[in-house]
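# Structural overview
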Amino acid sequence: MPDKKPKTEAQARRKAEKFLGLKLPKTLHCSFCGKSQHKVEKLIAGPGCFICNECVSLCETIVAGGEIPDQSGFIKPLERPTEDLLELLAFANFATDSSRNFLQSLVDTLRTREVSWAQIAEQLGVSRQAAWERFS
Ligand SMILES: [Zn+2]
């Protein structure tokens, strides 16, 4: 992404859309815990995913070898209220499209580096023909 730090959420959104080549859904969610951008302090973008400040903190604790906090209050994504699931639907669709685009970009990059369809197929666990039909 470009070096300039966005000043507003709208600028950050446009910057992320330009980087990803996709229109972002109205509400973004953490790909790890599913919380919406409105329920967390920060949401950090990655290729086809987002992580919230709370999940980053949990990861830091785990990486540092600290004790993992009690997760018994964690609501599994599919046990959330219908309103939450409806809101999550657009984001899940975006995440799927974004991941698909990233996968295609990986294959395109490998092909420009003259990596064979056989090598790509082997990594994907599919036949050479299946890899070629899906990504060429
Ligand atoms: Zn999270």
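Bear in mind that the values here come from a model prediction, so they are computed numbers and not experimental data.

### A closer look at the overall build of the chain
Of regular secondary structure, the chain possesses five helices and two strands. Start at the N end of the chain and walk to the C end: the helices and strands fall as α-β-β-α-α-α-α. For a compact globule of 136 residues, the expected C-alpha radius of gyration is about 14 Å, and the chain comes in at 18 Å, more than 25% above that figure. Taken along the three principal axes of its C-alpha coordinates, the chain extends 45 × 35 × 35 Å. Long-range contacts, defined as pairs at least 24 residues apart, comprise 36% of the intrachain contacts of the chain with a sequence gap of at least 6. Within the structure as shown, the chain displays about 10,000 Å² of accessible surface, and the carbon and sulfur contribution to it stands at 56%. In the chain, which carries 19 positive and 17 negative side-chain charges, the distance between the mean positions of the two groups comes to 8 Å.

### Considering the coordination of the zinc ion
Taken together, Cys-30 (SG), Cys-33 (SG), Cys-52 (SG) and Cys-55 (SG) make up the protein donors of the zinc ion, found 2.3 Å from the metal. For the zinc ion, all donor residues lie on one chain, and their spacing in sequence is C-x2-C-x18-C-x2-C. Given the relative accessible area of 0%, Cys-52 is considered buried. Judged by its relative accessible area of 12%, Cys-55 is buried.

### Notes on helix H1 (residues 9–20)
Look at H1: 16 Å from first C-alpha to last across 12 residues, which is about the 16 Å you get at 1.5 Å a residue. Close packing links the buried residues of H1 with strand E1 (43–46) and helix H3 (82–112). Phi for Gly-21, located one or two positions after H1, is positive at around 70°.

### Some points on the packing of aromatic side chains
This model, assessed by the stated rule, comprises three aromatic pairs. Consider the rings of Phe-50 and Phe-91, whose centres lie 5.7 Å apart with planes at 55°: the pair is tilted. Note that Phe-50 is positioned in strand E2 (residues 49–52) and Phe-91 in helix H3, a separation of 41 residues in sequence. Across this residue pair, the class does not change: Phe-50 and Phe-91 are buried. Linked through ring pairs, Phe-50, Phe-91 and Phe-94 together constitute an aromatic cluster.

### With respect to the pattern of salt bridges
For the structure on display, the rule yields three salt bridges. A salt bridge links Lys-39 to Asp-84; the nearest nitrogen and oxygen atoms lie 4.0 Å apart. Placement of Lys-39 in the loop between H1 and E1 and of Asp-84 in helix H3 is noted, with a sequence separation of 45 residues between them.

Procedures and definitions
Residues numbered from 1 in each chain as written. Predicted model: local features only at pLDDT ≥ 70, side-chain atom pairs only at ≥ 80, totals over all residues. Heavy atoms only, no water. Helix = DSSP H or I, 4+ residues; strand = E, 2+ residues; numbered from the N terminus. Rg over C-alpha atoms; globule rule 2.2 N^0.38 Å. Contact = heavy atoms within 4.5 Å. Areas by Shrake-Rupley, 256 points an atom, 1.4 Å probe, with all protein chains shown as cover. Lys, Arg positive; Asp, Glu negative; His and termini not counted. Charge placed at Lys NZ, Arg CZ, Asp CG, Glu CD. Donors = N, O, S within 2.8 Å, 3.2 Å for Na, K, Ca; no water. Buried < 20%, exposed > 50% of the residue type's maximum accessible area, 1.4 Å probe, protein only. Expected span 1.5 Å × (residues − 1). Phe/Tyr/Trp six-rings, centres within 6.5 Å; stacked < 30°, edge-to-face > 60°. Salt bridge = Lys/Arg side-chain N within 4 Å of Asp/Glu carboxyl O.

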